[in-house]
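# Chains, contacts and geometry: an overview
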Amino acid sequence: MEKRDACRSAAWEVNNILEGRNVYLLEDFCSVVGNDVKSLHSIISPPVAKIRNIGIMAHIDAGKTTTTERFLYYSGYTRALGDVDDGDTVTDFMAQERERGITIQSAAVTFDWKGYRVNLIDTPGHVDFTLEVERCLRVLDGAVAVFDASAGVEAQTLTVWKQADKHKIPRICFLNKMDKTGASFNYAIESIREKLKAKPLILQLPIGEARTFKGVVDVINKEKLLWNSNSDDGKDFERKPLLETSDPELLKETIEARNILIEQAAVPVLCGSALKNKGVQPLLDAVTMYLPSPEEREHGFLQWYKGDLCALAFKVLHDKQRGPLVFLRIYSGTLTPQLAIHNINRNCTERMSRLLLPFADQHVEIPSLTAGNIALTVGLKQTATGDTIVSSKSSALAAARRAGRGDKKHGKNSEAESLLLAGVEVPEPVFFCTIEPPSVAKQPDLDHALERLQREDPSLKVRLDPDSGQTVLCGMGELHIEIIHDRIKREYGLETYLGPLQVAYRETILNSVRATDTLDRTLGDKRHFVRAEMEARPGEAPPGMAVIEYADCVSEDLVQASREAIENAVHSACLQGPLLGSPVQDVAIMLHSLMVHPGTSTTMVNACVSRCVQKALKKADKQVLEPLMSLEVTVTGDYLSLVLADLAQRRGNIQEIQTRQDNKVVIGFVPLAEIMGYSTVLRTLTSGSATFALEFSTYQAMSPQDQSTLLNQRSGLAQVL
C-alpha cells in the first residue's frame, strides 16, 4: 500500500514539474492497476489480445465525457472526479469545450483496467462535428453507445449508430442517467429496439429509477450491486446474491431476463449513472469481456504486409511547442522514434522525432509501440487526416505485388493506390461566410492559421472569392464556424472579422441544351484556334463536378492529347453556376466536336471549352437547390402548438409527432435558410424548456416563388414590405 501511494505521489510530482510541457518521461510515470504497482515500461506493449480500442459515442449531453472521466478515475489515472459543468474534465481540454460544456474534438486517452490496455476516444455529440466521430470510428474495434435513460434514442444517437453500422463496429449500450427525473429503463430499451432496429441484450436491470435508483442487478450471476450511499466517489460498492427471501420480485424479473439472455445474441445493455458514480466499474468490465481485441477484427489488407508497418493517420493537431501531432492507428508492424516512414497518399517520406501515448492534452514519451495500438507522433509535417503510412515505398510496392496488383498495365500509380486504407468521407459544407484579418499585413498570418486548421479539420473548407478576392470559410454549421473563429483568436492571436453567415446553395439544369464556342487568337507569330460544340443535360454528379462524355465522332487521338485540358475546363465551369455563382451538380457534359489548330496551346483549349460549357448552362432552364435539414424538437405539450406554428412559417414539413415520456418530439424537415438562429427563437418561445437537433438531409429544388424571391434578394431587387 505504501509503495503504491509513493509511486502515485511521485508521478504527480513529476507531472506538476513538467506541467508546462505536458510531456511525461516514461520512467517517471506510474500506473496503479488493482493492487499492483507497475511502471509503463512493463505494460508499454501489452499482448494484442489485451488491447481494446474503443470509442464513446452518443447524442449531445447523454454523458459521454462524464463516463470517460469516471473510467480514468476508477482505473487510477486521475485523482479527482472531473465535472463537465465545472470545466475541469481531462478529455475536454480545449478552452471552448470547457466553457461550453461540450466535446468538440475527439480526445484520445490511454489507461489500463484489470490487466487490459484501453485506448479510448471521447467523441463529440453535436451534429456540426459529426466528421470527428466518423474519422475516429474508422480506427476503432468497438464502441460504447451512451444513452440518456430519460430520452432513449435521440437524433444524433441514430446518426452515430448508422456510422458504427457502416464500419461494422461492435457496440455495448450504457443507459446513463438512471437517477434523472423521468428515467425509464423499459422506455430506453424499447426505443433501442424500435428506432435502432437492434436487439437489446439485457445484462443488467436497475434497482430503482430516478430518485430511487441505487444500484444494478447482474443478470448473468443473479447478483445485485449496491453502491454505498456514504461513498462520495462510488468506489465502495458490494455484490450480494439475489435471494427468494429478501428480493422475490427482483429475483423473478432477473430469472426471466436471464432466460431471454441465453436465447439470443444481440447488443449488450448495461445501466447506471456516471455522474452519481454508479455502474461504471461493471461497464469497464464489460468493455474488456465483450468488445473485441484488434486481432479479433478482420483486415484483409494485413496479409500482404507480412508484419511490415501499416498505419492510418486519423487525426492531426497542432501544438505550439511541438508542431503537428498526428494520431496513428497501427495495423501491423512497430513504430519507434526517429523512424522514417512513407506516406502513400502524398508519395513522400518523413521522419517522426518522438512517439507518445495520448492522455488527452498530456502525453507520455515511449520507446516503441506495436500493432493494435493508437499512437501519437511528433515530427510528421506533411501527413494529414486519412493518409496511409508504411515503412517505405518499396514496402508498399512489395505488398502490392503480393496482392497480385503489380500489373504495369494499370498505370504507374496503381500499386500505391490499391494499398490506400479507406480514409474519411468529408461531407460538403452547408454554411459559408467571408473572413478578414485586422489588416492586410496580417493576411499571411491568417492564411497560415487556416492552413493548419484545415489540416486538423477536413470538414473546414477555405476558398478565395474570385470576384472580391476575399477569403471564404465553409463549414458544417453555425457552431462549427463560430468555434473556428474563436480558435483563430485564442490560438493564433488574430482578431478576425466574419461576414454574415450564408447558405451554401447549389444549382442544376432541367433540360438538355447545346452550345458552340470559337476561340481564334494570335499571340506573337503563332495562331491559336479552337472550336468546340458541347451539350449539357441533367445527370447525377457531385457539386462542382460533372459527368464528362465524348461523342463517337470525336477523334480519339485529339481527346487523348487534350483530355486533361477538357476535363479541367468542364469542372472549372461547373464550380460557378449562372444563377448564384454556386456549384453546379447533377449535370452531364458531352463533347460533340472539337477542332484544334496545330500548335494551339492546351491553355486555349481549356479556355474555349470552359466558355462553351458556361454558354450551355446559361441557355438551359435553371434550378436552385437548397440544403434541407432534418429537425427534431423535444418540447413539453404546453408549448407544442407554438413550436408547430413557428415551423410552419419557416417552410417546415412535419413528418410525425412522437411521445417521449412527458414530452412531445416533433420530427420533420426545414430548409437551412429558415433555421439560422433558431436556438434563440426556440428558447424564447418555450421559456428555455425545449431542445432541438439538426442534421443535413439533402439538397432539394426550391419552388419557383421561393427561387424568384431568393434571386431578387441576391440582386438587391427585393422590396421591403
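See the structure printed just above.
Here is a short report on the structure shown in this document. These numbers were taken from a predicted model, which means no experiment stands behind them.

Cut-offs and rules
- Residues numbered from 1 in each chain as written.
- Predicted model: local features only at pLDDT ≥ 70, side-chain atom pairs only at ≥ 80, totals over all residues.
- Heavy atoms only, no water.
- Helix = DSSP H or I, 4+ residues; strand = E, 2+ residues; numbered from the N terminus.
- Buried < 20%, exposed > 50% of the residue type's maximum accessible area, 1.4 Å probe, protein only.
- Contact = heavy atoms within 4.5 Å.
- Areas by Shrake-Rupley, 256 points an atom, 1.4 Å probe, with all protein chains shown as cover.
- Patch = residues over 30% accessible without salt bridge, like charges linked within 9 Å, V, L, I, M, F, W, Y side chains within 5 Å.
- Salt bridge = Lys/Arg side-chain N within 4 Å of Asp/Glu carboxyl O.
- Pairing = 2+ DSSP bridges.
- Axes fitted to C-alpha atoms, helices over the stretch in contact; angles between N-to-C directions.

## Some words on the overall build of the protein chain
- Each helix and strand in the protein chain was counted, giving 18 helices and 38 strands.
- By the burial criterion, 53% of the 721 residues in the protein chain qualify as buried.
- Expressed as a percentage of contacts within the protein chain between residues at least 6 apart in sequence, the contacts between residues at least 24 apart total 73%.
- By element, 49% of the accessible surface of the protein chain is carried by carbon and sulfur atoms, the whole surface being about 32100 Å².

## A closer look at a nonpolar patch on the surface
- On the surface, Ile220, Met289 and Tyr290 cluster together into a nonpolar patch covering about 280 Å² of accessible area.
- If you trace the backbone, tyrosine 290 turns up in helix α9 (residues 280–290).

## Section: the pattern of salt bridges
- Enumeration according to the criterion identifies 30 salt bridges in this entry.
- Residue aspartate 141 is joined to arginine 297 by a salt bridge in which the shortest nitrogen-to-oxygen separation is 3.9 Å. Placement of the pair is aspartate 141 in the loop between α5 (130–137) and β7 (142–148) and arginine 297 in the loop between α9 and β15 (310–319), with a sequence separation of 156 residues. There is no split in this pair, since aspartate 141 and arginine 297 are both buried.
- A salt bridge links aspartate 646 to arginine 650; its shortest N-O distance comes to 2.8 Å.
- In the salt-bridge network here, residues are joined through shared partners; they are Glu626, Arg651, Glu674 and Asp706.

## Description of the sheet that holds strand β32 (residues 526–538)
- Read from one edge to the other, the open sheet built from four strands follows the order β31-β32-β34-β33, with strand pairing classed as mixed. Strands at the two margins of the open sheet, each flanked by one partner only, are β31 (513–523) and β33 (547–550). The sheet shows a mean angle of 25 degrees between the axes of neighbouring strands, taken without regard to direction.
- The pairing of β33 with strand β34 (residues 587–596) spans four bridges and is classified as parallel. Within β34, the residue paired with tyrosine 550 across the bridge is leucine 591.
- Helix-sheet contacts for helix α14 (residues 556–573) involve β32, β33 and β34, and the interaxial angle to β33 is about 150 degrees.
- Against the sheet, helix α15 (residues 602–619) makes contact with β31, β32 and β34, and its axis sits at roughly 150 degrees relative to β31, the strand it touches most.

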